[in-house]
Amino acid sequence: MCTPCKDPPECCGCPPSCCSPGISYCIFDLETAVFDTRYVLRKALKELATSYDRRIPELLLIQSGPMTISEMSQLICRKCDMPISWETFRLELNERTSEMIANPPLMDGVERLVTHLRSCCMGLGLVTSCTEANYCAKIRGREEFFENFSSVICADDPELRAFKPEPDVFLIAMSRLGDAGPDCTLVFDGTAKGVQAASDARLPVIMLAEKDLPCCWSELAALRFEYLDDFEPEMFHMPPFTDPSPLRRPSRRRTRYSRRLTVIRRRAAEAAAAEEEEEEEEPPPEEPPLIAIADPSILNLRE
């Protein structure tokens, strides 16, 4: 059995930038922000439906995105007229997804980001929807990388009473990171439920969403990306990367959000410049006060 929680190493000689006000703690969702398993469920659904000579419409896949596995199974079995019960469908779906995510790949850019944040003495937490035993199986062979996370909250944690979209898992993660609070903690999650949970915990969240996910499901997120290597730490006043950026594959989704960030930065710069101009402007000189005349009769001039 592995030990998911570990005391963080001492911070020695960190650069001054990591000690400035801003984000000092980050919480990652294992399944959607560390491992890239976002498309596994959709692939398993399509393969399972095909095995029964059925096809799931794309709109139905999008509609079932934020549902639980049971709700999703009931909806798909009803809409696609599956020749099996929804309970059997759910069981076979769980079996397929378990096989596909037994050894999932890491998300692009997560190793670079996590290593950078730990080198800057930031506290890192991890939340997962799997049990501790499953978590230990998933990270086997990658234990050194996961030692960067000083706190891990699993689904069978004794303090966890409610799952996402309830905010409990993020509140527990913050409490175990020490001085973490809403003003200095950033969440990385890829599901609508995770974004809702982080929002209810009053935490800013970066959503790592599938490219076809409707925009209305990411309205509560501070920013939305398809890939983690689009994230730049200085967006949230964290120390910037010191190594050169890796080559990125072209993506219309990335271009769209790069433009959005450019607009955000330009507006922020304009607002800061306007504030500086207001501070530099001196207030106009005050006019001398009028002298009140106590006896108006003194203004009566004799002929």
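Parameters at a glance
- Residues numbered from 1 in each chain as written.
- Predicted model: local features only at pLDDT ≥ 70, side-chain atom pairs only at ≥ 80, totals over all residues.
- Heavy atoms only, no water.
- Axes fitted to C-alpha atoms, helices over the stretch in contact; angles between N-to-C directions.
- Helix = DSSP H or I, 4+ residues; strand = E, 2+ residues; numbered from the N terminus.
- Parallel < 35°, antiparallel > 145°, perpendicular 65-115°, else oblique.
- Left-handed = near helix turned anticlockwise from the far one by under 90°.
- Contact = heavy atoms within 4.5 Å.
- Nonpolar A, V, L, I, M, F, W, Y, C, P; charged D, E, K, R; others polar.
- Buried < 20%, exposed > 50% of the residue type's maximum accessible area, 1.4 Å probe, protein only.
- Pairing = 2+ DSSP bridges.
- Right-handed = clockwise from strand over helix to strand, strands pointing away.
- Expected span 1.5 Å × (residues − 1).
- Arc of directions from axis to C-beta.
- Polar contact = N/O pair within 3.5 Å; in protein donor to acceptor, adjacent residues only side chain to side chain.
- pLDDT = per-residue confidence, 0-100.

Which parts of the structure should I look at to understand the packing of helix 4 (residues 69-79) against helix 5 (residues 86-100)?
Angle between the axes and distance between the axes: these two values describe a pair of packed helices. Where helix 4 contacts helix 5, the two axes come as close as 9 Å, and the packing angle between them is 120°. By the angle between their axes, helix 4 is oblique relative to helix 5. The handedness of the crossing between helix 4 and helix 5 comes out as right-handed. In this structure, helix 4 uses Ile69, Ser70, Ser73, Gln74, Ile76 and Cys77 to contact helix 5, whose residues at the interface are Trp86, Phe89, Arg90, Leu93 and Asn94. Across the contact of helix 4 with helix 5, the residue classes break down as 6 nonpolar, 4 polar and 1 charged.

Even after reading the chapter, I still don't get the pairing of strand 5 (residues 205-208), so can you show me in this structure?
On any regular strand, side chains alternate: one points to one face of the sheet, the next to the other face. Of the two faces of strand 5, the one carrying Val205 and Met207 and the one carrying Ile206 and Leu208 are both buried. Pairing of strand 4 (residues 185-189) with strand 5, which is carried by 3 bridges, proceeds in the parallel orientation. Opposite Asp189, over in strand 5, you have Met207 as the bridge partner. Traced from strand 4 through helix 10 (residues 192-200) to strand 5, the parallel crossover comes out right-handed. When strand 5 meets strand 6 (residues 223-225), the two strands line up parallel, connected through 3 bridges. Across the sheet, Ile206 pairs through a bridge with Leu223, a residue of strand 6.

Honestly, helix 5 in this entry has me stumped. Any pointers?
Note on helix geometry: an α-helix contains 3.6 residues per turn, so any two residues three or four positions apart are oriented the same way. Over its 15 residues, helix 5 runs 21 Å from end to end, which matches the ideal 21 Å to within 8%, given 1.5 Å per residue. For helix 5, every residue scored as buried is listed here: Phe89, Leu93 and Thr97. Down the axis, helix 5 shows its buried residues gathered within 60° of arc, on one side only. Summarising the geometry of helix 5, the exposed residues directed more than 90 degrees from the buried face are Leu91 and Glu99. Of the surrounding elements, those touching the buried residues of helix 5 are helix 2 (40-51) and helix 4.

What exactly am I supposed to notice about the environment of Asp29 here?
With respect to the helices, strands and loops of the structure, Asp29 is situated in strand 1 (residues 25-29). On the basis of relative accessibility, which here comes to 5%, the residue Asp29 falls in the buried class. Expressed as a C-alpha distance, the spacing of Asp29 and Val127, which sit 98 residues apart in the sequence, is 5.0 Å. In contact with Asp29, other than residues within four places in its own chain, are Val34, Val127, Lys164, Phe188 and Asp189. A distance of 2.7 Å separates the side chain of Asp29 from the side chain of Thr32, its partner in a polar contact.

Honestly, the sheet that holds strand 5 in this entry has me stumped. Any pointers?
Backbone hydrogen bonds are what pair the strands of a sheet, in a parallel or an antiparallel way. In space, the 6 strands of this open sheet follow the order 3-2-1-4-5-6, with parallel pairing throughout. Every interior strand has two partners, whereas the edge strands, strand 3 (151-153) and strand 6, have only one. Each neighbouring strand pair of the sheet contributes to a mean axis angle of 20°, computed without reference to strand direction. Across 4 bridges, strand 1 lies against strand 4 in parallel orientation. Paired with Ile27 across the two strands is Val187, which belongs to strand 4.

Hey, could you run me through the side chain of Lys138 in this one?
Counting through the fold element by element, Lys138 comes out in helix 7 (residues 132-138). Each residue touching Lys138, except ones within four places of it in the same chain, is listed here: Leu30, Glu31, Phe35, Ile101, Ala102 and Cys130.

Looking at this model, I keep getting lost on the confidence of the model for the chain. Mind explaining?
A low pLDDT means the predicted coordinates there should not be read in detail. Per-residue confidence for the chain gives a mean pLDDT of 80, with 73% of residues at or over 70. Considering each helix and strand of the chain separately, the mean pLDDT is smallest for helix 11 (residues 252-280), with a value of 53, and largest for strand 2 (residues 123-127), with 97. Confidence over residues 3-10 falls short of pLDDT 50; this stretch has 11 contacts with residues more than four positions distant or in other chains. Within the model, pLDDT remains below 50 along residues 250-265, and this stretch shows 22 contacts once partners closer than five positions in the same chain are excluded.

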